[in-house]
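Per-entry structural report
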Amino acid sequence: MELDGKVAAVTGGTRGVGAGIARALLRAGARVLVCARRPPEEPLPGVEFVPLDVRDAEAVGQWCAGLPRLDVLVNNAGGAPHRMLTEAGADRHARVVELNLLAPLTVSLAAHDHLRRARGSIVMIGSVSGSRPSPGTAAYGAAKAGLESLARSMAVEWAPDIRVNTLVVGMVRTELSHLHYGDRDGIAAVSRTVPLGRLAEPSDVGAAAVFLASPAAAYISGASLHVHGGGERPSFLDAANAGHRSDADKESRHERNL
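Calculation notes
- Residues numbered from 1 in each chain as written.
- Predicted model: local features only at pLDDT ≥ 70, side-chain atom pairs only at ≥ 80, totals over all residues.
- Heavy atoms only, no water.
- Helix = DSSP H or I, 4+ residues; strand = E, 2+ residues; numbered from the N terminus.
- Buried < 20%, exposed > 50% of the residue type's maximum accessible area, 1.4 Å probe, protein only.
- Contact = heavy atoms within 4.5 Å.
- Areas by Shrake-Rupley, 256 points an atom, 1.4 Å probe, with all protein chains shown as cover.
- Lys, Arg positive; Asp, Glu negative; His and termini not counted.
- Charge placed at Lys NZ, Arg CZ, Asp CG, Glu CD.
- Axes fitted to C-alpha atoms, helices over the stretch in contact; angles between N-to-C directions.
- Parallel < 35°, antiparallel > 145°, perpendicular 65-115°, else oblique.
- Left-handed = near helix turned anticlockwise from the far one by under 90°.
- Nonpolar A, V, L, I, M, F, W, Y, C, P; charged D, E, K, R; others polar.
- Patch = residues over 30% accessible without salt bridge, like charges linked within 9 Å, V, L, I, M, F, W, Y side chains within 5 Å.
- Salt bridge = Lys/Arg side-chain N within 4 Å of Asp/Glu carboxyl O.
- Pairing = 2+ DSSP bridges.

**Observations regarding the overall build of the chain**
When helices and strands are counted, the chain shows 8 helices and 7 strands. Expressed along its principal axes, the backbone C-alpha trace of the chain runs to roughly 85 × 45 × 40 Å. Counting every position in the chain, which comprises 258 residues, the buried fraction comes to 44%. When contacts within the chain are restricted to residue pairs at least 6 apart in sequence, long-range pairs at least 24 apart make up 70% of them. If you sum the accessible surface of the chain, you get close to 13700 Å²; carbon and sulfur atoms cover 54% of it. Separation of charge centres in the chain, based on 28 positive and 27 negative side chains, amounts to 1 Å.

In structure tokens form, the structure reads like this:
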């Protein structure tokens, strides 16, 4: 198995994408630890849970110091409520940046010595929101853009002992999908905008994380791997096609009236 005997930690690993990553690491043979502020509603068989707020540098440091070893760190904890910029003060937006950018730095620094000794790997969980406009989650998008930059710098500073890469994740079908995309019809409509015709499953992200953490990616560091089903179809193409269809319809109606 690709990660047999390795110890892997996943922040925010109790549900959604994080749980999918934890399951994939476990299947690859790793001993898997997940941390979050609250325990999972449904325990993940074979996965060890640790209560931890990754924004608390002291608590993170104590947790890492107590680990016997660590080979893989997946910085997955993150997220943000939908909130337009003018709907909250700067302090609320700063908290989003803290969770999605500063917390991964905090955990990575605390885990550095373990990972250096193990010649291990860090996988940052980024987002397509970091490379395109993100109205309603602007601070989140800015934080994810910063996370990719941070990972590239880490990859250079901590080489050759630690590899650092980013998974740039698109839309994922989780237990909370309805909060973002609506009911079943809404999810189906959103899925049709993805070139591969569906949202990602947490297992898709998990498989990519296992790859980056495994010996198969031994010469990959400082990279950003897109897990987004082909991205988004450019809206101008649909607008142009709509225009062509409209012109064709007008021409057809004109011919019928002759």
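**Things to note about the packing of helix α2 (residues 57–65) against helix α3 (residues 90–118)**
Between α2 and α3, the shortest axis-to-axis distance is 9 Å and the interhelical angle comes to 20 degrees. Comparing the axis directions of α2 and α3 gives the class roughly parallel. For the element pair α2 and α3, the recorded crossing hand is right-handed. In this structure, α2 contributes Ala 57, Val 60, Gly 61 and Cys 64 to the contact, and α3 contributes Thr 106, Val 107, Ala 110, Ala 111 and His 114. Looking at the contact of α2 with α3 residue by residue, the class counts come to 6 nonpolar, 3 polar and no charged.

**Quick notes on a positive patch on the surface**
On the surface, a cluster of positive charge is made up of Arg 15, Arg 37, Arg 38, Arg 92 and Arg 95. Mapped onto the fold, Arg 15 is located in the loop between β1 (7–11) and α1 (16–27).

**As for the pattern of salt bridges**
Applying the stated criterion across every chain, the model contains 7 salt bridges. Residues Arg 55 and Asp 53 are paired through a salt bridge, measuring 3.1 Å at the closest nitrogen-oxygen approach. Taking relative accessible area as the criterion, Arg 55 reaches 25% and is therefore assigned partly exposed. Residue Asp 71 is joined to Arg 69 by a salt bridge in which the shortest nitrogen-to-oxygen separation is 2.5 Å. The exposure class of Arg 69 is partly exposed, given its relative accessible area of 37%.

**Here we look at the pairing of strand β4 (residues 72–75)**
Alternating positions in β4 separate into two faces, Val 72 and Val 74 on one and Leu 73 and Asn 75 on the other, with burial throughout. Here 3 bridges tie β1 to β4, and the two strands are oriented parallel to one another. When the bridges of β4 are listed, Ala 8 appears paired with Val 72. Where β4 and strand β5 (residues 121–127) come together, 4 bridges link them in parallel fashion.

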